[in-house]
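Structural overview for review
Take a look at the letters that make up each chain.
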Amino acid sequence: MRMLHTSDWHLGRSFHRVPLLDAQAAFLDHLVATVQQREVDVVLVSGDVYDRAVPPLAAVELFDRALHRLAAIGVPTVMISGNHDSARRLGVGAGLFDRAGIHLRTDPVSCATPVVLTDDHGDVALYGLPYLEPALVKDTLRAAKAGHEAVLTAAMDRVRADLATRPAGTRSVVLAHAFVAGGEPSDSERDITVGGVAAVPAGVFDGTDYVALGHLHGSQRVTSRVRYSGSPLAYSFSEADHRKTMWLIDLDGSGNIAAEERIDCPVERPLARLRGRLDALLEDPALDRHEHAWVEATLTDPVRPAEPMARLSARFPHTLSLVFDPERPPEDPLASYAQRLQGRDDHQIAEDFVAHVRGGSGPSDPERTVLRAAFDDVRVDESVREVSR
């Protein structure tokens, strides 16, 4: 069975205020053409179809056209909701869509009800695990606690129980939207940390033949059978070195990966991250190749130069981001606030603040627990409010 694995479309998203709908439409054209040209048997979409719970109308229309085109060529599509989607909104009409071969899986209760497809070797059961917000699905799935590993384990226990009832030799594919340990994140994924833990071990998915992951925006293997397709477009400058692709996977009759290929996605405009003093960036002939790219420029001039954005844009007209990182010794007290915060999450920053106001004494373990619970509660509340809007 030939599967095309994609995820994280984020329809409706912009890039530093530049609309991306035309680029997203070009990707969907490419997706449909690939399905036809490469004789794909099933399309897997592993969440974050939209960029937010209430997407703009233009994004909904783009999604609608894509579904109609996939249904028209008669190739089944299995799709789950991600942490950016409103599961309830995305799932509206799922029963009707099923009849057209578009299988939306957005309800955690249905995670062990597969889409069953058949090829010359027998059945393939495709299980869709939508993004599982631990605090919201713990009781539904009867998980041991409200954590990512616990709720995914509970969902996969249900999947394995269903798979055990199926004919011997039934192959299994799982779609999931999660941060799996070993994956490499970028700056454009929304934080899903719960209780200080975001990642779950790949072993949660043991017993299945292929796991089509979404959430991380870089295409990558966690194991040979557990993979991220990544996003089809770059959504942050941290993705400047990403090769944006979809996975084309051939699953043989024994459930092994008989063939694999990364299908490149169209690139509307490349990304470039430039660093140095302004005059050097404006004069260096080696940078000619970036004059048509979207540019993030980090200026290292000791003194901020005059009109830097206007001067940069004269050479690099698609400059979108300007960062100042003056050349100073590390011990300089004027080292930028952004530098001091780099790589630190909200909880760590809050702990630093407590230590600062106490003159060096950080929070106790019970206080850390309270801080972490507060951040978790805020994130869950935001998720609930997004869904209810």
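Below: a short report on this structure. Note that the coordinates shown come from a computational prediction; the quantities given were computed from them, not determined experimentally. (Residues numbered from 1 in each chain as written. Predicted model: local features only at pLDDT ≥ 70, side-chain atom pairs only at ≥ 80, totals over all residues. Heavy atoms only, no water.)

1. Side note on the packing of helix 5 (residues 134-141) against helix 6 (residues 148-164)
- For the pair helix 5 and helix 6, the least separation of the axes is 10 Å and the interaxial angle reads 35°. Crossing hand, helix 5 versus helix 6: left-handed. Along the contact surface, helix 5 presents Pro134, Val137, Lys138, Thr140 and Leu141, while helix 6 presents His148, Val151, Ala154, Ala155 and Arg158.
- Looking at the contact of helix 5 with helix 6 residue by residue, the classes come out as six nonpolar, two polar and two charged. (Axes fitted to C-alpha atoms, helices over the stretch in contact; angles between N-to-C directions. Helix = DSSP H or I, 4+ residues; strand = E, 2+ residues; numbered from the N terminus. Left-handed = near helix turned anticlockwise from the far one by under 90°. Contact = heavy atoms within 4.5 Å. Nonpolar A, V, L, I, M, F, W, Y, C, P; charged D, E, K, R; others polar.)

2. Describing the sheet that holds strand 5 (residues 77-80)
- On the basis of which strands lie adjacent, the open sheet formed by six strands has the order 6-5-4-1-15-16 and mixed pairing. Unpaired on one side and paired on the other, strand 6 (102-105) and strand 16 (257-264) mark the two borders of the sheet. On average, each strand axis in the sheet is inclined to that of its neighbour by 20°, with strand direction left out of account.
- Pairing between strand 1 (residues 2-6) and strand 15 (residues 245-251): four bridges, direction antiparallel. Counterpart to Arg2 in the pairing with strand 15 is Asp250.
- Each of strand 1, strand 4 (42-46), strand 15 and strand 16 touches helix 1 (residues 21-37); the most contacted strand, strand 1, lies at about 170° to it. (Pairing = 2+ DSSP bridges.)

3. Here's the deal with the nonpolar core
- Trp9, Leu11 and Phe63 are the most contacted members of the largest nonpolar core, which has 38 residues in total.
- With residues near it in sequence (within four places) discarded, Trp9 still touches Gln24, Phe27, Leu28, Leu31, Val45, Gly47, Asp48, Val49, Phe63, Met79, Pro232 and Tyr235.
- Ranked by size, the runner-up nonpolar core spans 34 residues in total, among them Ala176, Ala198, Ala202 and Leu213. (Core = buried A, V, L, I, M, F, W, Y, C linked by side-chain atoms within 4.5 Å. Buried < 20%, exposed > 50% of the residue type's maximum accessible area, 1.4 Å probe, protein only.)

4. What to know about the sheet that holds strand 8 (residues 122-129)
- Read from one edge to the other, the open sheet built from six strands follows the order 7-8-9-12-14-13, with strand pairing classed as mixed. Only two strands of the sheet have a single neighbouring strand rather than two, namely strand 7 (115-119) and strand 13 (220-221).
- One ladder, built from three bridges, connects strand 12 (residues 210-214) with strand 14 (residues 226-228); its direction is parallel. Bridged to Val211 within strand 14 is Val226.

5. Examining empty space enclosed by the protein
- Evaluated as defined, the whole model comprises one cavity of 30 Å³ or more.
- Approximately 70 Å³ is the volume attributed to the largest cavity.
- In terms of lining, the largest cavity is formed by Pro130, Tyr131, Leu132, His148, Val151, Leu152, His177, Ala178, Phe179, Ile192 and Ala198.
- Counting residues per element, the lining of the largest cavity draws most heavily on helix 6, at three residues.
- Counted by class, the lining of the largest cavity contains nine nonpolar, two polar and no charged residues. (1 Å grid on protein atoms, 1.4 Å probe; cavity = no way out; pocket = protein on both sides within 12 Å on 5 of 7 lines; lining within 4 Å. Points joined across faces, edges and corners; volume = space filled by probe spheres on them.)

6. Section: the pattern of salt bridges
- A full pass over the atoms with the stated rule returns 20 salt bridges.
- Between Arg171 and Asp119 there is a salt bridge, and its shortest N-O distance comes to 2.6 Å. One end of the pair, Arg171, is in strand 9 (residues 171-177); the other, Asp119, is in strand 7, with 52 residues separating them in the sequence.
- Taking relative accessible area as the criterion, Arg171 reaches 1% and is therefore assigned buried.
- Between Glu291 and Arg315 there is a salt bridge; the shortest N-O distance is 3.0 Å. Taken as a pair, Glu291 in the loop between helix 7 (278-283) and strand 18 (294-299) and Arg315 in helix 8 (residues 308-315) lie far apart in primary sequence, 24 residues in all.
- Judged by relative accessible area, which is 25%, Glu291 ranks as partly exposed. (Salt bridge = Lys/Arg side-chain N within 4 Å of Asp/Glu carboxyl O.)

7. Overview of helix 5
- Looking at helix 5, one finds that the buried residues are Pro134, Val137 and Leu141. Seen along its axis, helix 5 keeps its buried residues to an arc of 85°; they face one direction.
- In this structure, the buried residues of helix 5 make contact with helix 6.
- In the stretch just after helix 5, Arg142 is the one whose phi turns positive, near 55°. (Arc of directions from axis to C-beta.)

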